[in-house]
Amino acid sequence: MECEWKPDEQGLQQILQLLKESQSPDTSTQRSVQQRLEQLNQYPDFNNYLIFVLTKLKSEDEPTRSLSGLILKNNVKAHYQNFPNGVSDFIKSECLQNIGDSSPLIRATVGILITTIASKGELQNWPELLPKLCLLLDSEDYNTCEGAFGALQKICEDSAEILDSDMLDRPLNIMIPKFLQFFKHNSPKIRSHAIACVNQFIISRTQALMLHIDPFIENLFALATDEEPEVRKNVCRALVMLLEVRLDRLLPHMHNIVEYMLQRTQDPDENVALEACEFWLTLAEQPVCKEVLCGHLSQLIPVLVNGMKYSEIDIILLKGDIEEDEAIPDNEQDIRPRFHRSRTVAQQHEGDGIEEDDDEDDEMDDDDDTISDWNLRKCSAAALDVLANVFRDDLLVHILPLLKELLFHLDWVVKESGILVLGAIAEGCMQGMIQYLPELIPHLIQCLSDKKALVRSITCWTLSRYAHWVVSQPPDTYLKPLMTELLKRILDSNKRVQEAACSAFATLEEEACTELVPYLGFILDTLVFAFSKYQHKNLLILYDAIGTLADSVGHHLNKPEYIQMLMPPLIQKWNQLKDEDKDLFPLLECLSSVATALQSGFLPYCEPVYQRCVNLVQKTLAQAMLHQSQPDQYEAPDKDFMIVALDLLSGLAEGLGGTIEQLVARSNILTLMYQCMQDKMPEVRQSSFALLGDLTKACFQHVKPCIADFMPILGTNLNPELISVCNNATWAIGEISIQMGPEMQPYIAMVLHQLVEIINRPNTPKTLLENTAITIGRLGYVCPQEVAPMLQQFIRPWCTSLRNIRDNEEKDSAFRGICTMISVNPGGVVQDFIFFCDAVASWVNPKDDLREMFYKILHGFKNQVGEENWRRFSDQFPLPLKERLATFYGV
């Protein structure tokens, strides 16, 4: 480029005009600006104009110049590979010459532009960039140094991995020591940049930083009380990350660090306090937490509790002074996307009602989730929650004196924070709290009618954290008054309270299960009335509360008067929603639970619901095929629609059993399932296998013609890396084998080896182990000659995985299978016979003919080895096992 590029005056004016218009608030103006920008992208030197306005046209106002740079940044993101060489070279050199512009806004814009070019893979093709920026750090001119540092910080954030790879000859070996020199710079802005740059390399344990870890930590300590909040924030952030990756280096200084973090958690600048508060959350996950903190709890707990109060700004943002807002429609942006959890088939265990979810989804995020999502209040509450789980009841000596003061305080903000504290410690300190609950729960139930909405909403949440205890007491004492008040709160005139009450009620339903049956009419009255009252966002939570109710009370819901109350509003919503509306997800999930609970009671509503689900699957598949053949013409469908529809069809098949037969006969669902079972997306396959199992149970005559096509697909999905897919495929194979009987024989080889491998894998989740064992047993029941030869390879894990599940049909058929296989191949069980004995003893009351089978095998073995050997063998049994076998089977 010998001669400097010059803009054409007319072209320049046109672009300036466009930049001015794009700052207009009018949307139609915005749209036409967008279109003209698209058109201008056809001209190769359009981007030269944009960089010219940013860096050279000092006569223009800064917002316009910055905007020009941001439009250029978007072009770089979208089209950089098509820029002619001359253009990209011009942009690069202009950037480096103007990184020290006197305006902070222009410097920052140039920095953003530099990092965007760098992250387009251009760090390799712009070798002079990093050396030049590092050189500019030493400039006497503050603007140049700050601009270069700003750009470096952005590059470190965006390209950390490449900076630490061999592709660039390891520039960090030079950069990190260089950054450390600037920790002592006299400008706070530059000190802050320097720490922020180094902080990017802590979590990845970057070698170049690990070599300088001690000077880094010393420098951090030196800046601990910096007067600039941004510097203190970055120091706190560094210490939190070092806690995770280099605890060994912090341990010698731990006492001082804890003291320091205690001060910072009370920093007048909330951003600093929030970073510091993360320290306690991270420390709680470290094994050393207990010994490090036990001496500091008396100082730490009051600080965390104090941080749990709403700040004045929170209350303004939460509109805490507006008590009644139920009539104000929701702002659509505030509604969080919901994720559908696909169906997984699981066994029920001894001594529990509904399978417990292992995932902690009721963490601390249930309150005020509309403000800047993470703040000091939430972080303090989360820290208290995890510390309660570490220290358990030892925390209470520090908390109880504070709680007494807070819970009965006259200022609502203080009282509200006390109620949050009580909820935060519920999980960790439950044992120690029990003695206080008889007086606390009634007090909380009273707080449900507090005049402040924010007190009512947090009280809902805290009570839900103690629901387990409430349900364990006689129902009239706490359950009934709690339920009565919570139902009133579901109809509160404040939307946040409605939401908190609905969520809390869903938790109560899960804990109480059939205890709620006497109050069903009363509960449904409230939930149905809420339908007519709720705005958009809370409707979605209401569906969840209704679905959970159906799961909890099951067939008790199947009474004409309940169905009359519940179904019309649900079906009305169902008819209002379009096929593209994501609100269908929670509604379909809800209907799935309701259909399973109502069983025959759902018949009158079944046909339209069934039809629509089949249509949703069909539409989604069609859209996916269009997208695959012409990706630029058609966008990819949202497959969640199909997944949720398949799950509701499963619910219908499970609830309605054989009565679904005519609907299946009149539809192409099996053809659609054949496609779904081969979908790329695991969740689609998972749900289609669940439906296959349910249809196999409900109307096998329609499934049977497809078995030859389905079985090879099931075989290829027995991959335990995808647990839920594998689990549902395994379960479906078991259901199919029961229906097929001896005709299953040609398919055994497709699946048996994978199943035996899965049952012997270490760390296989419990649910998958149980379903695998049941399916192996069922295959052996229908085709003993094919499966029995492998007995020795699976008998031991088979017995241990099934000893804990309840007596039921599936367990019954599996054990018949194992007995049949033992009679075909008795040698296969000899070495592990004690495990078989233990599994037999796990039955409470087997059917007579199954008990007879057990009897024969036990006595056969005993006769085989002789009295003396049997005594020696049975002396190894634990006493309960010995007694059970003697009582039930006389051995």
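Residues numbered from 1 in each chain as written. Predicted model: local features only at pLDDT ≥ 70, side-chain atom pairs only at ≥ 80, totals over all residues. Heavy atoms only, no water.

Remarks on the overall build of the protein
Within the protein, the secondary structure is distributed over 50 helices and zero strands. Oriented by its inertia axes, the alpha-carbon framework of the protein measures out at about 100 × 70 × 65 Å. Scored against the burial criterion, the 891 residues of the protein give a buried share of 56%. A separation threshold of at least 6 residues defines the contact pool for the protein, and within that pool the share at least 24 residues apart is 75%. Roughly 39,100 Å² of accessible area belongs to the protein as shown, and the carbon and sulfur atoms make up 51% of that amount. Measuring between centres, the 77 positive side-chain charges of the protein sit 1 Å from its 126 negative side-chain charges. (Helix = DSSP H or I, 4+ residues; strand = E, 2+ residues; numbered from the N terminus. Buried < 20%, exposed > 50% of the residue type's maximum accessible area, 1.4 Å probe, protein only. Contact = heavy atoms within 4.5 Å. Areas by Shrake-Rupley, 256 points an atom, 1.4 Å probe, with all protein chains shown as cover. Lys, Arg positive; Asp, Glu negative; His and termini not counted. Charge placed at Lys NZ, Arg CZ, Asp CG, Glu CD.)

Observations concerning the packing of aromatic side chains
All told, the structure shown has 23 aromatic pairs when counted by the stated rule. Arranged with centres 6.0 Å apart and planes meeting at 50°, the rings of phenylalanine 602 and tyrosine 605 form a pair that is tilted. Looking at phenylalanine 602, the relative accessible area reads 0%, which means it is buried. Relative to phenylalanine 873, the ring of phenylalanine 833 lies with its centre 6.2 Å away and its plane at 45°, an arrangement referred to as tilted. Of this pair, phenylalanine 833 sits in helix α47 (residues 833–841) while phenylalanine 873 sits in helix α49 (residues 867–874); the two residues are 40 residues apart in sequence, bridging distant segments of the chain. Look at phenylalanine 833 and you get buried, because its relative accessible area is 1%. Note on phenylalanine 873: relative accessible area 16%, which makes it buried. Sitting over the face of the ring of tyrosine 310, arginine 377 holds its NZ or CZ atom 3.7 Å from the ring centroid. One residue, lysine 811, lies across the ring of tryptophan 843, its end atom 5.0 Å from the ring centre. (Phe/Tyr/Trp six-rings, centres within 6.5 Å; stacked < 30°, edge-to-face > 60°. Lys NZ or Arg CZ within 6 Å of the ring centre and 35° of its normal.)

Some points on the pattern of salt bridges
Scanning the model with the defined rule gives 42 salt bridges in all. When the shortest N-O distance is used, the salt bridge between aspartate 679 and lysine 639 registers 2.9 Å. A residue pair is termed long-range when its members are at least 10 positions apart, and aspartate 679 in the loop between α37 (669–676) and α38 (682–698) and lysine 639 in the loop between α34 (603–629) and α35 (640–656) qualify at 40 residues. With respect to burial, aspartate 679 and lysine 639 carry one shared label: buried. Ionic contacts of the salt-bridge type, sharing partners, join the residues Asp214, Arg246, Asp248 and Arg249 into one network. (Salt bridge = Lys/Arg side-chain N within 4 Å of Asp/Glu carboxyl O.)

Here we look at helix α23 (residues 412–424)
Between its terminal C-alpha atoms α23 stretches 18 Å, which fits the 18 Å expected from 13 residues at 1.5 Å a residue. Of all 13 residues in α23, 13 are buried, a share of seventy percent or more. Put simply, aspartate 411 is the residue that caps the front of α23, since its side-chain oxygen is 3.0 Å from the backbone nitrogen of valine 413. (Expected span 1.5 Å × (residues − 1). Polar contact = N/O pair within 3.5 Å; in protein donor to acceptor, adjacent residues only side chain to side chain.)

Digging into the side chain of aspartate 832
Relative to the assigned elements, aspartate 832 resides in the loop between α46 (809–824) and α47. Not counting residues up to four positions away in its chain, the partners in contact with aspartate 832 are Ile795 and Arg796.

Remarks on the packing of helix α26 (residues 453–465) against helix α29 (residues 495–512)
In the contact formed by α26 and α29, the axes pass within 8 Å of each other and the chain directions differ by 10°. One finds that α26 runs roughly parallel with respect to α29. Between α26 and α29, the residues in contact are Ala453, Leu454, Arg456, Ser457, Cys460 and Ser464 and Arg496, Val497, Ala500, Ala501, Ala504 and Thr507, respectively. (Axes fitted to C-alpha atoms, helices over the stretch in contact; angles between N-to-C directions. Parallel < 35°, antiparallel > 145°, perpendicular 65-115°, else oblique.)

Description of the environment of alanine 708
For alanine 708, the position within the fold is in helix α40 (residues 707–716). Of the residues examined, alanine 708 reaches a relative accessible area of 47% and is grouped as partly exposed. On a C-alpha basis, the gap between alanine 708 and proline 746 in space is 9.4 Å, while along the polypeptide they are 38 residues apart.

Considering the nonpolar core
One broad rule of soluble globular proteins: the nonpolar side chains tend to lie buried together. Ranked by internal contacts, the top residues of the largest apolar core, which has 324 residues, are Trp280 and Phe602. With eleven residues, α35 is the largest single contributor of residues to this core. Contacts of phenylalanine 602, omitting those with residues within four sequence positions, involve Met567, Leu591, Val594, Ala595, Val609, Leu652 and Leu656. (Core = buried A, V, L, I, M, F, W, Y, C linked by side-chain atoms within 4.5 Å.)

Side note on the environment of asparagine 143
Within the secondary structure, asparagine 143 is located in helix α8 (residues 142–158). With 656 residues separating them along the chain, asparagine 143 and cysteine 799 place their C-alpha atoms 74 Å apart. In contact with asparagine 143, other than residues within four places in its own chain, are Ile99, Gly100, Asp101, Ser102 and Arg107. A polar contact of 3.1 Å, which involves the side chain of asparagine 143, links it to the side chain of arginine 107.

Here's the deal with unusual backbone geometry
Apart from glycine, the bulk of residues carry a negative phi angle, and the bulk of peptide bonds sit in the trans form. Positive phi values are uncommon outside glycine, yet arginine 205 reaches one of about 50°. Of note, arginine 205 is situated in the loop between α11 (188–199) and α12 (207–210). The class of arginine 205 is partly exposed, set by a relative accessible area of 47%. In this structure, asparagine 763 takes a positive phi of about 65° despite not being glycine. Within the secondary structure, asparagine 763 is located in the loop between α42 (748–759) and α43 (766–782).

Digging into empty space enclosed by the protein
In this structure the tally under the stated criterion is one cavity of 30 Å³ or more. Of the volumes computed, that of the largest cavity is approximately 30 Å³. Lining the largest cavity, in full, are Val840, Ala841, Trp843, Val844, Pro846, Arg851, Arg884, Phe888 and Tyr889. Contributions of two or more residues to the lining of the largest cavity are made by α47 and α50 (879–889). In terms of residue count, α50 provides more of the lining of the largest cavity than any other element does, three residues in total. Per-class residue counts for the lining of the largest cavity are seven nonpolar, no polar and two charged. (1 Å grid on protein atoms, 1.4 Å probe; cavity = no way out; pocket = protein on both sides within 12 Å on 5 of 7 lines; lining within 4 Å. Points joined across faces, edges and corners; volume = space filled by probe spheres on them. Nonpolar A, V, L, I, M, F, W, Y, C, P; charged D, E, K, R; others polar.)

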